[in-house]
Amino acid sequence: MILDSLLKQAIQDFNKKKFQKSMKLFEMILEENPHNSEIIVNKAVCLAELGKYEESLEELEKVLAENPDDFDGLYNKATTLYDMDQYEDALSQFNKALTINPKDTNALCNKANVFVALGRHEDAISTYKRALKINPGDIEILNNIGIVYAGDKQHYKAIEYFESALNEKKNDIDSLCNLGNSLLEIKKFRLSYECFKQAVKINSKDFDAMFRLGIACNNLNKPEDALEYFNKILKSEKNNNDVIINKGYSLHLMGKYKQAILCFDEILNDDPQEMNSLYFKAKSTAKQNNTQQAYVLLSKLLELEKKNEHSDHDHDHDHEHFLNKIKKDPDFIGLRNDQNFKTLIN
């Protein structure tokens, strides 16, 4: 009876994320029953949650030494190896676990997560889809598939899965935000705005959704609304650089170039090489007809971009280079007769 009480308290502490307390209680149970594989696994999970991965693996090996086909031992060994960024080893353990229980959707989804980490996105999608066949309509799996498609720039496919998730649970915030993000990427700004607006209506403290709502507002030429959202976020996250930059862009769109530059300078004072701030500051400076200063900022920006591309072998080649953006940006029309600017962009 005492052991039952200890187990009940340990589980309660674990669910409250009190992992140290929970582990101590599991250890007390193990003093009376040292070969209880379920309790050993529970202790190992606590260790992993506390970041003690090596100790967690040692506990799990005790279980697997007694029974190499213990599903929980294999599954938790796999998740711990994943947390240690040992993806190939994690994949091997998930495969062993799935040999024992091929319909365990948690193991399938975590195996798919490993494939994502390894950049094997087609394998990840096919594995998520196996899980979805077992558990149709699972909104987490639907979102995970959509996220992988979105990561591969296949936003129309991604949207299908996000919408399917919303058909299962129409006010799910994660699904709304994921859908809104893909709609932003394909420039469906009005539809994106509606997704984020609904998400913020459901949870007014979801600052990520509010941030994306502000971006949608800027793209809909509603910078006053965007500014309101960014200011709300900054009341709680005053050093959020992304929000500060986008607030500056809202002010730029409103023609308040001096105030916009103050926002960009706030970032550049801490990080003089922050490229988005340099770009937007150049835009506002150009609109103030300060051709020379705009040229200096753009020169620095392009030099930094070139330097970063040479040094960063993992650079995302799908992004639009700043040079192309500068050439197309109407804010720089006033510079196009300047000889230095012509030389810079040609």
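All values reported here derive from a predicted model rather than from experimental measurement.

A. Here's a closer look at the overall build of the protein. Scanning the protein for helices and strands turns up 20 helices and zero strands. Relative to the globule expectation of 20 Å for 346 residues, the C-alpha radius of gyration of the protein, 26 Å, shows a markedly less compact shape. With the principal axes as the frame, the protein shows a C-alpha extent of 80 × 45 × 35 Å. Relative to its full complement of 346 residues, the protein shows a buried share of 45%. Pairs at least 24 residues apart make up 42% of the contacts formed inside the protein by residues separated by at least 6 positions. Counting every atom, the protein has about 19200 Å² of accessible surface; 45% of that belongs to carbon and sulfur. Computed over 46 positive and 56 negative side-chain charges, the separation of the two mean positions in the protein equals 8 Å.

B. Main features of the nonpolar core. Y128, I145, L298, L301, I326 and F332 are the most contacted members of the largest nonpolar core, which has 106 residues in total. Considering every element that reaches this core, the biggest residue donor is helix α13 (residues 207-219), with eight residues. Apart from the residues within four sequence positions on either side, L298 is in contact with A282, I326, F332, L335, F341 and L344.

C. Quick look at the environment of I186. Secondary-structure assignment places I186 in the loop between α11 (173-185) and α12 (189-202). Those residues in contact with I186 that sit more than four places away from it in its chain are H155, Y156 and I159.

D. Just the packing of aromatic side chains, in detail. The final tally for this structure, using the stated rule, is twelve aromatic pairs. Plain terms: the ring middles of Y279 and F322 are 5.5 Å apart, the flat faces sit at 45° to each other, and that makes the pair tilted. In this pair, Y279 is assigned in helix α17 (residues 275-287) and F322 in helix α19 (residues 322-328), connecting sequence segments 43 residues apart. Across this residue pair, the class does not change: Y279 and F322 are buried. Each residue in the set Y249, F264, Y279, F280, F322, F332 and F341 is aromatic and connected to the rest through ring pairs, giving one cluster.

E. Quick look at the environment of R190. In this fold, R190 is placed in helix α12. Sequence-wise, R190 and N324 are 134 residues apart; in three dimensions their C-alpha atoms are separated by 26 Å. Excluding residues within four positions of it along the chain, R190 makes contact with L220 and K222.

F. Broad picture of the pattern of salt bridges. Applying the stated criterion across every chain yields a total of eleven salt bridges. A salt bridge links K232 to E228; the nearest nitrogen and oxygen atoms lie 3.9 Å apart. You can see K232 and its partner E228 sitting in helix α14 (residues 223-236), four residues apart, about one turn around the helix. Among the residues examined, K232 registers a relative accessible area of 38% and is labelled partly exposed. Taken together, the shared-partner salt bridges connect E27, K43, E59 and K62 into one network.

The rules behind these values
- Residues numbered from 1 in each chain as written.
- Predicted model: local features only at pLDDT ≥ 70, side-chain atom pairs only at ≥ 80, totals over all residues.
- Heavy atoms only, no water.
- Helix = DSSP H or I, 4+ residues; strand = E, 2+ residues; numbered from the N terminus.
- Rg over C-alpha atoms; globule rule 2.2 N^0.38 Å.
- Buried < 20%, exposed > 50% of the residue type's maximum accessible area, 1.4 Å probe, protein only.
- Contact = heavy atoms within 4.5 Å.
- Areas by Shrake-Rupley, 256 points an atom, 1.4 Å probe, with all protein chains shown as cover.
- Lys, Arg positive; Asp, Glu negative; His and termini not counted.
- Charge placed at Lys NZ, Arg CZ, Asp CG, Glu CD.
- Core = buried A, V, L, I, M, F, W, Y, C linked by side-chain atoms within 4.5 Å.
- Phe/Tyr/Trp six-rings, centres within 6.5 Å; stacked < 30°, edge-to-face > 60°.
- Salt bridge = Lys/Arg side-chain N within 4 Å of Asp/Glu carboxyl O.

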